[in-house]
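Analysis of the macromolecular model
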Amino acid sequence: MTHIPDQRLEALPRQRAWVEIDLGALAHNVTQLRGLLEPTTDLLAVVKADAYGHGAIGVAQTALQAGATWLGVATVTEGIELRRAGINAPILLLGAVHTPPEIQAIAQWQIQPTLCTPKQALLFSETLADGGRSVSVHLKLDTGMARLGAPWTEAVEFVQWVQHLPHLKIASVYSHFATADELDQTMLWEQKRRFDQAIAALQHQGITPPRLHLANSAATLVDPSLHYDMVRTGLAIYGLYPAPHFQDKVNLRPVLQVKARISQVRTIEAGMGVSYGHRFVAQMPTQVATVAIGYADGVPRLLSNQMAVLIRGQKVPQIGTVTMDQLMVDVSSLGSVEPGEVVTLLGRSGSLVIPVEDWSTAIGTIPWEILCGFKHRLPRLTSPSNNALERHVS
Ligand SMILES: *Cc1c(COP(=O)(O)O)cnc(C)c1O
């Protein structure tokens, strides 16, 4: 892990740019999502990719306090990071691993792997024979995503194969949706039909998996019949909707904000260009503020000339090419602006909000990708509640 460790908000005045994480909002989101589930249905909080850029340990601890019972990671290293922090909850490794050192680490740290093929299961069983240890495994069926998993039509052979291998205990059978966030639900229900068909075939052989799960955030919001024994929610716990048509399904609050400081202010003449390539040319005398954040911090360069920021509760346009460490904004409308002032790139300032979706829509990507971009250089300032944030930042 290369990111700077999470800091308290008191550290704020020293930063050039930072991410603010409101763990109170995270707890709210988990509570709201839990409210959609039957009491016996588990909520797995997906904390892969350093909790979508929010900080895996703080998110995991808060999610567990708020009612999550499982955690999901993409890599063995991510799982070990949680265990090293003293987190004891069951951890599902969503990725598939194939190397003996990783398999031994999984056993040592009690991470629960995903198995996708009979060959991979055999490798696990043989590798574990060395230390005599057993692991709980989750068998993945491919019902239409074509990413990981055994074909759903081969569920019986796959499950029976794993049942007979020593050192492996089947903890669940699961699958993953390809189109749950889309308005057209045809493929979603077809995937559910395939999953149910596979489970029925297992039951016909007298096999009842201890746990079934299928839903990501979008599917969790689509219909309770998709919840099975557990849902695996990522995006929604971070307060974002998988698509606009989910907004009336549950009340979510964004957890992450991105802020930076003004580093210089100057007025340029009409006709002068701004930043690399002069992709912005002033049409009139323009007051330009330089902001100490850039694409190396996770502000996509593709947003150049296509984004706005909030300063003193007012929206002002970004101008010119976003550079690696800095970007410029047109603050002509604001009167005097001083170096050191706080700029909100994502989040709230006064009564205005810039949501992550503004960025993802502008550059033709999804909110997930924007969030994951903030994991490198920005210190993360965490706060247990919204109120505490307002107090420290204003
Ligand atoms: C990332 C992931 C999720 C979470 O998806 P969201 O859309 O962010 O809720 C769930 N299941 C699997 C297998 C994943 O890889």
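Residues numbered from 1 in each chain as written. Predicted model: local features only at pLDDT ≥ 70, side-chain atom pairs only at ≥ 80, totals over all residues. Heavy atoms only, no water.

1. Side note on helix 3 (residues 56-65)
- By the burial criterion, the buried members of helix 3 are Ala-56, Gly-58, Val-59, Ala-60, Thr-62 and Ala-63.
- Contacts made by the buried residues of helix 3 are with helix 1 (23-34), strand 3 (42-46), helix 2 (48-52), strand 4 (70-73) and helix 4 (76-84).
- A positive phi of about 125° marks Gly-67, the residue just after helix 3. (Buried < 20%, exposed > 50% of the residue type's maximum accessible area, 1.4 Å probe, protein only. Helix = DSSP H or I, 4+ residues; strand = E, 2+ residues; numbered from the N terminus. Contact = heavy atoms within 4.5 Å.)

2. Focus on the pattern of salt bridges
- For the structure shown, the criterion picks out 10 salt bridges.
- Linking Arg-377 and Asp-297 is a salt bridge whose minimum nitrogen-to-oxygen distance equals 2.8 Å. A residue pair is termed long-range when its members are at least 10 positions apart, and Arg-377 in the loop between helix 11 (367-372) and strand 21 (380-383) and Asp-297 in the loop between strand 15 (286-291) and strand 16 (308-311) qualify at 80 residues.
- On the basis of relative accessibility, which here comes to 32%, the residue Arg-377 falls in the partly exposed class.
- When salt bridges with common partners are traced through the structure, they connect Arg-16, Asp-297, Asp-325 and Arg-377 into a single cluster. (Salt bridge = Lys/Arg side-chain N within 4 Å of Asp/Glu carboxyl O.)

3. Topic: the packing of aromatic side chains
- Here the structure, examined in full by the defined rule, presents three aromatic pairs.
- Geometrically, the ring pair formed by Phe-195 and Tyr-228 is edge-to-face, given 5.3 Å between the ring centres and 85° between the ring planes. On the criterion of sequence distance, the pair formed by Phe-195 in helix 8 (residues 186-204) and Tyr-228 in the loop between helix 9 (217-222) and strand 11 (230-233) is long-range, its members being 33 residues apart.
- Between Trp-359 and Phe-374, the ring centres sit 6.0 Å apart and the planes meet at 50°, which makes this aromatic pair tilted. One end of the pair, Trp-359, is in helix 10 (residues 356-362); the other, Phe-374, is in the loop between helix 11 and strand 21, and 15 residues separate them in sequence. (Phe/Tyr/Trp six-rings, centres within 6.5 Å; stacked < 30°, edge-to-face > 60°.)

4. What to know about the domain arrangement of the protein
- By domain assignment, the protein separates into domain 1 (23-241) and domain 2 (256-354).
- A separation of 42 Å is found between the C-alpha centroids of domain 1 and domain 2. (Domains from an automatic or database assignment.)

5. Observations regarding the site of the ligand
- Looking at the ligand, there are 14 residues lining it, with Lys-48, Tyr-52, Ser-217, Gly-234 and Leu-235 nearest.
- Within the side chain of Arg-232, one N or O atom sits 2.9 Å away from a nitrogen atom of the ligand.
- In the complex, 93% of the free accessible area of the ligand, which totals 390 Å², lies under the protein chains.
- Counting residues per element, the ones that place at least two in the shell around the ligand are helix 2 and strand 11.
- Its residues assigned to classes, the shell around the ligand comprises five nonpolar, five polar and four charged. (Near = heavy atom within 4 Å. Polar contact = N/O pair within 3.5 Å; in protein donor to acceptor, adjacent residues only side chain to side chain. Areas by Shrake-Rupley, 256 points an atom, 1.4 Å probe, with all protein chains shown as cover. Nonpolar A, V, L, I, M, F, W, Y, C, P; charged D, E, K, R; others polar.)

6. Details of the nonpolar core
- In this structure, Leu-168, Ile-293, Leu-345 and Trp-359 are the most contacted members of the largest nonpolar core, which totals 117 residues.
- Shared between two domains, this core holds at least three residues of each, these being domain 1 (23-241) and domain 2 (256-354).
- Residues Val-274, Phe-280, Ile-319 and Met-328 belong to the second largest nonpolar core, which totals seven residues. (Core = buried A, V, L, I, M, F, W, Y, C linked by side-chain atoms within 4.5 Å.)

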